[in-house]
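# Coordinates in review
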Amino acid sequence: MNNDCSDLGSQEKKAKMQVVRSHTHRASYPSNDAVSVPTIPLYRSAPSLEVKLEEFESFAIDRLRVLKGISDGLSRGKKPEEMATLVKDLWKANMRHQHASEVLNKDIISHFVLRLVYCRTEELRKWFLSMESALFRYRFRDQSAEAQRAVMEEFDLPYKAISNVEYEGVKDKLVQVARSLGQNSSTVDAIYYKVPFEEVPELVAGRKVFLNQGFAYVAMSQVVSLVATLFRSQLSKALILTNRKWISSIRENEKHRLTPIVEAMSSSYLGPDYSQPREYGEITLKDIDQVAKSSFPLCMRHLFDKLREDHHLKHGGRMQLGLFLKGVGLNLDDALAFWRAEFSKKVGLEKFEKEYAYNVRHNYGKEGKRTDYTPYSCQKIISATPGAGDQHGCPYRHFSEENLRAALSTMGVNSRAMEDVINKVRNRHYQLACTLTFEALHGMPSSGINHPNQYFSDSQKIFQQKVSSRLQLIFKPILVNCTSSPRTSNKGYGCGEANEQRRCLKGGETSMEGFFSLSSFGYRKELI
Amino acid sequence: MAREEVNNEIDEMLIDGYEVQQGQGGDTTLPDEFNANYLKLYYGKLFPHADLYKWMSYGNDGKHPACDPSYLGRREFSYTLDNDIYVRFQSFNSAAELENSIKDKCPFKIDIGPVYSVDPSKRHAYAQSGDNVFTPVERELIFDIDISDYDDVRYCCSGADVCLNCWPLMTVAIKVIDTALRVDFGFKHILWAFSGRRGVHCWVCDAKARKLSNEGRAAIAEYFRVYKGNENSYKKVSLTGHALHPFLARSYTDVLKEFFETKLLSSQNLLSSEERFEKILEMIPDQSVTSELRGKWQESRRSSSVKEDINVVRWEQLKQLLQSGKYKAQRLHRCVEEIVFSFTYPRLDMEVSKHMNHLLKAPFCVHPKTGRVCVPIDPNHCEEFDPTTVPTLSQLLEELNREGLTTDVEGEWNKTSLRSAIRLFRFLFLQPLLEACKKEIESSYNAKLKQSKDLLSW
Ligand code: SF4
Ligand SMILES: [Zn+2]
């Protein structure tokens, strides 16, 4: 509390550092100006940086893409080597900055913003913790031995490499362990750390270390496990603290500015925004039955069939299907005709026009908060809680196994693929189950389903490709171009309107209880 | 229900009746069934309440300023009462409270749970405060080994039954796990106890063990695991790599190999009949080896000499063939070890060990089915332990009655066959544990003192 303030330059910053008081290092990243070793920050304390509001958001989204990519890779059961490449690629693709000097800042800022986003519930914390730890692990592995040692020092690891004398004493055992892991005795590490066994649980669990009297002998090549465990436990504690801070002050203090961003971000969907179909009128009313059969994901197919059967859907179903249809390119007139045709059979024409037509129009309108009128992502649909009489939601998640099997076989999934799908469902990998269904029905690999509209457009693409490749191979490149890049923009969470509102707030810069200093316009930083 | 024959009047009379009978030099046998009234007597006169209290306090019942007086009160006890009524989250603040409650409720079974952040009986009050403050913070590292998990490798008994032919599997488990806990993990305060019927429980009570996270517990459990596969698949050991991990190598050479070759082979007749040797041949992934052995064994059925144990002879043949230069295939070189591990390596109930909040039966409970007391086992002499001679409730009460009204300074138990069990608990386990606890409390106190001094001089 007392020894940190002195090394801060400006008066203003003093307040911020209060939160950082428990840390001995002011900045979490090494200030090794001389050596330009690319080290990984340990995110020990919130940086005393000023952040533009836009960057607050966009940096975090970029990092989130990395974490979601990792999550996706892990849930697909990628092997460590594949994960290493994946993480490297994800990082390269998302975490660059046009100014080399800003790369580290982006890394740190994005981490701390996401901490705020993901501190708020147990479930969010768990996810964030796993993904950040995985990220850290693979980044660490990728460092040079020198940089790795720098990180270890940064962690203040109280462990020293064992002496030669001690090494000779246990060498036989160390060799034995290495051989038990399939290594040749000639390649056995020469540097070992002696560490309390509970610091390296995964090495203990795999019998990958020699244990004696409560100490594990960790080879230099295994140090990543040690460091990753430490990283994880420190982050875990930090998240709890952040959560307390969030609840006690930040949420309220920032309710007009940061809180909406933070709250929107954890549920944000990062794929392309399907609210604007590339070409309106892509499908017309007369095609709709046919494309529903060929290209709707199960959640939409189910709603569609139910609507045709009952001539009615409850609100949740109308929203889910209606926005999806808008996304696939059904124009407003066709949409009205579509809903009218069904609903009038049940409630009559008059009641439809009075009670339901407005909503259909509204879905196509621009008024109100735009986010609500964006087609729902899988994540949103899966996390829905349909009640009695509701038909919306994701069938992989919300159907009984029996009903799901029946629905899948109606779709035309064969029995072998069915077992794979059911297996994923049992492991609660609903989107993977949907992906497998897609693959089974299209006979083509899929990059993974994240959005019903993506399911639709991927499906359509395959059918068009099939047709075109039969006709003229020449046109193929053009079709490939149709793929919308998953990294087009940051739409879908922060709406322009809300931004406007935030700008209206007085005082461009606020100290977030030491969390961040934010500058909506970013003048300050540029002036300095 | 199974335990319906409870009759209050008869029981009171039995005690009186005894002295009469004894005076006449008559038969002193009590009916063998487990019975709630016997249990009341047992808790009243024999159960070592004070020892349980001291153990569960871990030194926090002393006068030292660094003692945590809330410690015992945050520990969960749970009772299984008559008619299988299960009461969780009991807690006690003093030795007297604990003893009175046990005597009063007379539980058929007492389970010990974790130490929570707050008094578990008041958990609801804390639940209201929103923050998740009711959470386990300490718990002994525990292991549960059950002979019924060995049914595919023992032919003498199955299920909950156990005899002197298969019990040594438990002895082997104790040796392997106990050694690893002490040598590899550095733990010192380890209590082994008979579970009363078909297995053993292990309590690792070092402070470091009690404070392990679930992750740390899982890591230790995994360290001990060699079986792959689950309930639905044949339990299989597969050992890979160029060498065995030092822990496995030690277990093999010090315990498993000898036990398998000199005891289990013959006692379970592992290779005597076709049905049994086929099970072992199944573990050899090489057709030519298995058919050569099969041929030999089917012929030799009659011709082998009577003197030599056929199991041993065949095992030697198997070993010779696998280890001869004839079949040098990589995948065969571990086969002998794999067979030995499959038959003898401890089979732990992993889930029990992995989580802090698993409950485990307290030592000195009486098993309601067998009437036997869950006595401690000395790991250094575990081969001497005989589950069939563990004192039963009725036997103890007989002994008590036989001794009549003479009082013993130590307590009534000193006159019964519970004596050695309680002494074992006290001297082998509790005393060294409490000494360590005391030291720890003192040193943590001194560290704190030093820290505050440092602060003052800052
Ligand atoms: S995974 Fe997505 S697209 Fe597939 S059914 Fe579920 S919500 Fe629909
Ligand atoms: Zn038996």
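Only a predicted model underlies this, so the values are computations on that prediction, with no experimental measurement involved.

Another point: the sheet that holds strand β5 (residues 141-146) of chain B. Sheet strands associate in pairs through backbone hydrogen bonding, adopting either a parallel or an antiparallel arrangement. All names here are of chain B. Spatially, four strands are ordered β5-β7-β6-β11 in an open sheet, and the strand pairing comes out antiparallel. Both edges of this open sheet fall to β5 and β11 (376-377), since each of them pairs with a single strand only. The pairing of β5 with strand β7 (residues 199-204) spans six bridges and is classified as antiparallel. The partner of L141 across the bridge, within β7, is V204.

Our next topic: unusual backbone geometry. Most peptide bonds take the trans configuration, and most residues that are not glycine carry a negative phi. Non-glycine residue A:Q213 carries a positive phi angle of around 50°. Note that A:Q213 resides in the loop between β3 (210-212) and β4 (215-219).

Looking now at the site of ligand 1. All names here are of chain A. What surrounds ligand 1 is the set P297, C299, C378, I381, C394, P395, Y396, C434, I449 and P452. Taken together, the elements giving at least two residues each to the shell around ligand 1 come down to α16 (378-382) and α17 (395-398). Here the shell around ligand 1 is built from residues that sort into ten nonpolar, no polar and no charged.

All names here are of chain A. When the terminal C-alpha atoms of helix α19 (residues 415-426) are compared, their 16 Å separation across twelve residues agrees well with the 16 Å that a helix rising 1.5 Å per residue should span. Here α19 has its buried residues at A417, M418, V421, I422 and V425. The arc that holds the buried residues of α19, viewed along the axis, is 135°, so those residues lie on one side. Exposed residues pointing more than 90 degrees away from the buried face of α19 are listed as R416 and R426. Structurally, α19 contributes buried residues whose contacts are with α17, α18 (401-411) and α20 (430-442). The backbone nitrogen of R416 has a side-chain oxygen 3.1 Å away, supplied by the residue at the start of α19, namely N414. Looking one or two residues beyond α19, the residue adopting positive phi is R428, at roughly 60°.

Time to look at the coordination of the zinc ion (ligand 2). Residues and elements named next belong to chain B. Taken together, C156 (SG), C157 (SG), C163 (SG) and C166 (SG) make up the protein donors of the zinc ion (ligand 2), found 2.3 Å from the metal. Note that the zinc ion (ligand 2) binds four donor atoms; their angles at the metal cover 102 to 120°, and the shape is tetrahedral. Sequence positions of the donors to the zinc ion (ligand 2) reduce to the motif C-C-x5-C-x2-C. On the basis of relative accessibility, which here comes to 14%, the residue C157 falls in the buried class.

Before going further, it helps to examine the pattern of salt bridges. All names here are of chain B. If you walk through the whole model with that rule in mind, you get 45 salt bridges over all chains. For R426, the salt bridge goes to D51, with nearest N and O atoms at 2.6 Å. A residue pair is termed long-range when its members are at least 10 positions apart, and R426 in helix α16 (residues 419-457) and D51 in helix α3 (residues 49-57) qualify at 375 residues. Classification of D51 as buried rests on a relative accessible area of 6%. Note that R75 and E140 form a salt bridge whose closest N and O atoms lie 2.7 Å from each other.

It is worth spelling out the packing of aromatic side chains at this point. This structure, assessed with the given rule, holds 52 aromatic pairs over all chains. When the centroid spacing of 5.8 Å and the interplanar angle of 70° are considered together, the rings of B:F89 and B:F134 count as edge-to-face. Here the residue B:F89 occupies a position in strand β2 (residues 85-90), and B:F134 occupies one in the loop between α5 (123-127) and β4 (136-138), the gap between them amounting to 45 residues. In this structure B:F89 comes out as buried when scored by relative accessible area, which is 17%. The ring of A:W91 has A:R139 lying over it, and the distance from NZ or CZ to the ring centre is 3.8 Å. Directly above the ring of B:Y150 sits B:R347, whose terminal nitrogen or CZ lies 5.3 Å from the centroid.

Analysis parameters
- Residues numbered from 1 in each chain as written.
- Chains lettered and ligands numbered in written order.
- Predicted model: local features only at pLDDT ≥ 70, side-chain atom pairs only at ≥ 80, totals over all residues.
- Heavy atoms only, no water.
- Pairing = 2+ DSSP bridges.
- Helix = DSSP H or I, 4+ residues; strand = E, 2+ residues; numbered from the N terminus.
- Near = heavy atom within 4 Å.
- Nonpolar A, V, L, I, M, F, W, Y, C, P; charged D, E, K, R; others polar.
- Expected span 1.5 Å × (residues − 1).
- Buried < 20%, exposed > 50% of the residue type's maximum accessible area, 1.4 Å probe, protein only.
- Arc of directions from axis to C-beta.
- Contact = heavy atoms within 4.5 Å.
- Polar contact = N/O pair within 3.5 Å; in protein donor to acceptor, adjacent residues only side chain to side chain.
- Donors = N, O, S within 2.8 Å, 3.2 Å for Na, K, Ca; no water.
- Tetrahedral: all angles 85-135°; square planar, octahedral: opposite > 155°, others 65-115°.
- Salt bridge = Lys/Arg side-chain N within 4 Å of Asp/Glu carboxyl O.
- Phe/Tyr/Trp six-rings, centres within 6.5 Å; stacked < 30°, edge-to-face > 60°.
- Lys NZ or Arg CZ within 6 Å of the ring centre and 35° of its normal.

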